[in-house]
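# Topology and contacts: notes
In case you want the letters, here they are:
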Amino acid sequence: MFGRVRAWSRRHGGLVSVLRVAPLAVFSLLLAIPYASLTPAGGSRYLGVAGYVALSVLLIAPLLWRRRPLAAYAVISLASFGQWLAHVDPLPANLAVMVALWTVASECAFRWALAAGLVAELGIFLALVNWSVATFGMFFSGSIFVVTIWLAGLYANTRRRYLEGLEERAERAERERDQQARMAAAAERTRIARELHDVVAHNVSVMVVQADGAGFALDSDPEQARLAVRNISKTGRAALAEMRRMVGVLRENEDDDTDYTPQPGLGQLEELVRGAGVPASLRIGGVPGDLPEGQQLAVYRIVQEALTNTLKHGGPHVHARVEIDYGGPELVVRVTDDGRGAAAPRSPDGHGLIGMRERVGMYGGAVSAGPLTGGGFQVLARLPTARAA
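Residues numbered from 1 in each chain as written. Predicted model: local features only at pLDDT ≥ 70, side-chain atom pairs only at ≥ 80, totals over all residues. Heavy atoms only, no water.

## Focus on the nonpolar core
Put simply, the test is: The term nonpolar core refers to a set of buried residues drawn from Ala, Val, Leu, Ile, Met, Phe, Trp, Tyr and Cys, joined through side-chain atoms within 4.5 Å. Buried, partly exposed and exposed residues are distinguished by accessible area as a fraction of the type maximum, computed with a 1.4 Å probe on protein chains only: under 20%, between the cut-offs, and over 50%, respectively. Each helix is a run of H or I in the DSSP string that is no shorter than four residues. Each strand is a run of E no shorter than two, and both are numbered from the N terminus. Any two residues having at least one pair of non-hydrogen atoms within 4.5 Å are treated as being in contact.
Leu63, Tyr73, Ile76 and Leu101 are the most contacted members of the largest nonpolar core, which has 30 residues in total. In terms of residue count, the dominant contributor to this core is helix H6 (residues 96-107) (7 residues). With near-sequence residues (within four places) excluded, isoleucine 76 lies in contact with Leu59, Pro62, Leu63, Ala96, Val97 and Ala100. Ranked by size, the runner-up nonpolar core spans 28 residues in total, among them Leu272, Leu291, Ala320 and Leu331.

Laid out in structure tokens, this is it:
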């Protein structure tokens, strides 16, 4: 319940300030009529009802400055000091000093709270100086009143900071718990995927053996070959089901907006180069072989990342050239530009080269990237052409 009250007070800070000031304002207003019938004693000055209301407003209005407690306390204290210099008797609105003292003690640092307490003590002393019957006991009683309000403000400050600390620790513990849960889930997904990978690899190996056996027995024993083909079909369906399970395990954030469009390949390179954002040309040498989709995607991503780096770091008027060379035992991807090269600023959070190496490493290739002599930058990747296992 207290938590809900605190949350409501935070959302409606202005209304809370008005409600806090309202009792003192109403009390001072009710005493305006009796004040009109008073006769000032001694050398005291009589303000009249209009002066009474004006001074009360001056003393109470700063209490509405919820976000500036020090400024409010300073204005109220100075107004009270001016009232003392003018020999005006204390008014009910002078209790605003105590309210402001509590606010400073509950909201500000201890040094400001201590300074505010000393100012309040000085105010008690000055108020009693004008009284001919003032005694030490009266000063002691007033000091107890001031110190009690001051300590109450300090307690409220300590309590608030303690609750804020508890909330912060609870939020941090919740974040750490969620992070540990995500790490545990990721570790479990990795373990399951590894196990399913072994199952799929075994099924594919069985399919290869069955296919080889069916090929040998096709002429000599057709029935045995037919049985092998049925086993291949059965094993393939099982491997496909396990593969779907593995993909489902590794997919972390599946939702209704998942993109099921085919992944890009070599056929989309020309479109990629045209829309790179920098002037770029594409040259393809040799005869393209029948590359697997995964390797085509790796080539596409390498070119995409290299063109992105050219756009980010190449500088103005940069031109890029993309070259794909087929032939022999490997596929060569070369992306060069005539930009700033070694003079380009380094990106502290870039992971493009790491991603390229990971993709090329999947197929046993290598990638290098660096500035060229005389200016420019080059990304060179070599991927062995895929061979059947």
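## A word on the pairing of strand E3 (residues 330-337)
Definition in use: By the convention used here, strands pair only if DSSP detects at least 2 bridges between them.
By the criterion of burial, E3 is predominantly enclosed, with 6 of the 8 residues buried. Two elements, strand E2 (residues 320-325) and E3, share 6 bridges in a ladder whose sense is antiparallel. Bridging across to E3, isoleucine 324 finds its partner in valine 333.

## Brief notes about the side chain of serine 56
Our working rule: Pairing of N or O atoms within 3.5 Å defines a polar contact, subject to two protein rules: one partner must be a possible hydrogen donor and the other a possible acceptor, and residues neighboring in sequence count only if both atoms are side-chain atoms.
Within the element layout of this structure, serine 56 appears in helix H4 (residues 48-60). Taking relative accessible area as the criterion, serine 56 reaches 6% and is therefore assigned buried. Within the structure, the side chain of serine 56 is placed 2.8 Å from the backbone oxygen of tyrosine 52, a separation counted as a polar contact. Contacts of serine 56, omitting those with residues within four sequence positions, involve Ser28, Leu91 and Ala93.

## Digging into helix H7 (residues 110-129)
The criterion, for reference: Expected span of a helix, by definition, is 1.5 Å for each gap between consecutive residues, and there is one gap fewer than residues.
For H7, which comprises 20 residues, the first-to-last C-alpha distance of 29 Å matches the rise-based estimate of 28 Å (1.5 Å per residue) to within 8%. Of all the residues in H7, the buried ones are Ala113, Ala116, Gly117, Ala120, Glu121, Leu126 and Leu128.

## Overview of the packing of H4 against helix H5 (residues 69-85)
Quick note on the threshold: With axes taken as lines fitted to C-alpha atoms, and helix axes fitted only over the stretch in contact, angles between N-to-C directions fall between 0 and 180 degrees. Three classes are used, and their members are as follows: Ala, Val, Leu, Ile, Met, Phe, Trp, Tyr, Cys and Pro are nonpolar, Asp, Glu, Lys and Arg are charged, and the others, Gly among them, are polar.
Packing of H4 against H5 leaves a shortest axis separation of 8 Å and a crossing angle of 150°. Facing H4, whose interface residues are Leu55, Leu58 and Leu59, H5 presents Ile76, Ala79, Ser80 and Gln83. Looking at the contact of H4 with H5 residue by residue, the class counts come to 5 nonpolar, 2 polar and no charged.

## Some remarks on the packing of aromatic side chains
Keep this limit in mind: Side-chain rings of Phe, Tyr and Trp, where Trp is taken by its six-membered ring, are said to pair if the distance between their centres is within 6.5 Å; with planes under 30 degrees apart they count as stacked, over 60 as edge-to-face, and otherwise as tilted.
Within the structure shown, the criterion is met by 2 aromatic pairs. When the ring of phenylalanine 81 is compared with that of tryptophan 84, the centres are 5.8 Å apart and the planes differ by 20°; the resulting orientation is stacked. In this pair, phenylalanine 81 and tryptophan 84 both sit in helix H5, 3 residues apart, roughly one turn of the helix. The class of phenylalanine 81 is partly exposed, set by a relative accessible area of 39%.

## Details of the sheet that holds E3
Pairing is mixed across the open sheet formed by 5 strands, whose spatial order is E1-E2-E3-E5-E4. Among the strands making up the open sheet, the edge pair consists of strand E1 (280-285) and strand E4 (366-371). Between one strand and the next, the sheet's axes are offset by a mean angle of 10°, whatever the strand orientation. Direction of pairing for E1 relative to E2: parallel, over a ladder of 6 bridges. From the neighbouring strand, alanine 280 faces E2, where its bridge partner is alanine 320.

## Some words on the packing of H5 against H6
Geometrically, a packed helix pair is captured by the angle between its two axes and the distance between the axes. Worth spelling out the cut-off: By the definition adopted for this analysis, an angle is roughly parallel if under 35 degrees, roughly antiparallel if over 145, roughly perpendicular if from 65 to 115, and oblique otherwise. Crossings are assigned a handedness: left-handed for a near helix turned anticlockwise from the far helix by less than a right angle, right-handed for a clockwise turn.
Relative orientation of the contacting elements H5 and H6 amounts to 155°, with a least axis distance of 9 Å. It follows from the interaxial angle that H5 and H6 lie roughly antiparallel. Pair H5 / H6 crosses with left-handed handedness. Contacts from Pro69, Leu70, Tyr73, Ile76 and Ser80 of H5 reach H6 at Ala96, Val97, Ala100, Leu101, Thr103, Val104 and Glu107. Of the residues that constitute the contact of H5 with H6, the class distribution is 9 nonpolar, 2 polar and 1 charged.

## Digging into a nonpolar patch on the surface
Heads up, the rule is: Every patch collects residues that have over 30% relative accessible area and no salt bridge, joining them within 9 Å if they carry like charges and within 5 Å if they are nonpolar side chains (Val, Leu, Ile, Met, Phe, Trp, Tyr). With residues, only the protein chains shown are counted as cover, and all accessible areas are computed by Shrake-Rupley using a 1.4 Å probe. Only one rule defines a salt bridge in this text: a Lys or Arg side-chain nitrogen within 4 Å of an Asp or Glu carboxyl oxygen.
Nonpolar side chains collect at one region of the surface, where Val18, Leu64 and Trp65 lie side by side and expose about 250 Å² of accessible area between them. For tryptophan 65, the location among the structural elements is in the loop between H4 and H5.

## So, the environment of glutamate 107
With respect to the helices, strands and loops of the structure, glutamate 107 is situated in helix H6. With a relative accessible area of 41%, glutamate 107 lands in the partly exposed category. Spatially, the C-alpha atoms of glutamate 107 and arginine 67 are 9.1 Å apart, while their sequence positions differ by 40 residues. When neighbours within four sequence positions are excluded, glutamate 107 is seen to be in contact with Pro69, Asn157, Arg160 and Arg161.

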